[in-house]
Amino acid sequence: MSAAPEPRLEKQRYRWPVPPEGGWTADDLDRIPGLPPHTELIDGSLVFMRPQRKFHTRTMWLLEQALLAHLPHDLDVDREMTIRLDKRNRPEPDMVVYRAEADTGADQTWYAPEDVVLAVEVVSPDSQDRDRDVKPRTYAAAGVVHFWRVEADADGLPIVYVYELDPARQAYTPTGIYHNKLSLDVPFRVEADLPQIYSRGR
């Protein structure tokens with residue numbers, strides 16, 4: 001990462017954070033001043049997020065409503081909370097389902113991977129490689145058992161790709177692709193009418 005500001009940002013006197021030797025650590029993510037919202041740490045490097053599309057926002061709303069309607073009492077769901085996978089990796093899934101006992105209060109900024117039951121990524125044009133490859137590999141290596149990747153079809157409606165961890169390979173195995181109706185029994189029963197993202201169920 002370059003420490004020099006881009007010309008279009010120079011007028012604002014913005015200075016990029018200069019990484020220490022060996023890169024940033026998971027703890028640094030809470031201490032670096034002035035980071036944009038939803039900054040992630042991937043392999044010791046800071047990853048900044050662009051403003052989200054309406055597809056992204058509405059898909060998260062739809063899935064959050066579906067999850068909250070079906071979650072067992074010992075689980076909970078949050079949007080955009082990081083998972084502290086190791087010293088150099090704190091990715092931020094779009095949604096996490098976690099063990100409710102892992103909630104430490106209003107100042108919490110991350111969950112441990114052993115407390116995460118499901119990680120969900122809604123793919124954006126600028127995050128395709130991370131969401132399709134880099135992040136699923138790191139989640140699987142850390143033992144997060146369930147992973148969903150959500151992408152837009154040609155009509156702007158969500159397709160949900162569902163994966164489960166194969167512990168022998170420490171990698172995800174695809175278990176289903178859902179276009180119109182998401183209906184699952186694992187890791188718990190959940191249903192969602194995917195075309196409802198723009199109508200909010202009206």
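Anything mentioned here points back to the structure above.
Residues numbered from 1 in each chain as written. Predicted model: local features only at pLDDT ≥ 70, side-chain atom pairs only at ≥ 80, totals over all residues. Heavy atoms only, no water.

## Points about the nonpolar core
Counting residues in hydrophobic clusters, the biggest one holds 28 residues, and the most contacted among them are Leu-67, Val-97, Trp-148, Val-160 and Leu-182. For this core, the secondary-structure elements that each account for two or more residues are helix H2 (54-70), strand E3 (75-79), strand E5 (95-99), strand E7 (116-122), strand E8 (146-152), strand E9 (158-166), strand E11 (181-184) and strand E12 (190-193). Considering every element that reaches this core, the biggest residue donor is H2, with seven residues. When near neighbours in sequence (up to four residues on either side) are disregarded, Leu-67 contacts Val-77, Met-95, Val-97, Leu-118, Trp-148, Phe-188 and Val-190. Core analysis: the second largest hydrophobic core is formed by 18 residues, Val-96, Val-144, Tyr-161 and Leu-165 among them. (Core = buried A, V, L, I, M, F, W, Y, C linked by side-chain atoms within 4.5 Å. Buried < 20%, exposed > 50% of the residue type's maximum accessible area, 1.4 Å probe, protein only. Helix = DSSP H or I, 4+ residues; strand = E, 2+ residues; numbered from the N terminus. Contact = heavy atoms within 4.5 Å.)

## Quick word on unusual backbone geometry
Going from Val-186 to Pro-187, the amide bond is cis rather than trans, its omega being 5 degrees. In this structure, Pro-187 sits in the loop between E11 and E12. Residues other than glycine seldom take positive phi values, yet Glu-80 does so here, at roughly 50 degrees. With respect to the helices and strands, Glu-80 occurs in the loop between E3 and strand E4 (82-83). Classification of Glu-80 by relative accessible area gives partly exposed; the value is 24%. The phi dihedral of Gln-170 is positive, around 55 degrees, even though this residue is not glycine. One can find Gln-170 in the loop between E9 and strand E10 (171-178).

## What about H2?
Over its 17 residues, H2 runs 25 Å from end to end, which matches the ideal 24 Å to within 8%, given 1.5 Å per residue. Along H2, the residues classified as buried are Phe-55, His-56, Arg-58, Thr-59, Met-60, Trp-61, Leu-62, Leu-63, Glu-64, Ala-66 and Leu-67. (Expected span 1.5 Å × (residues − 1).)

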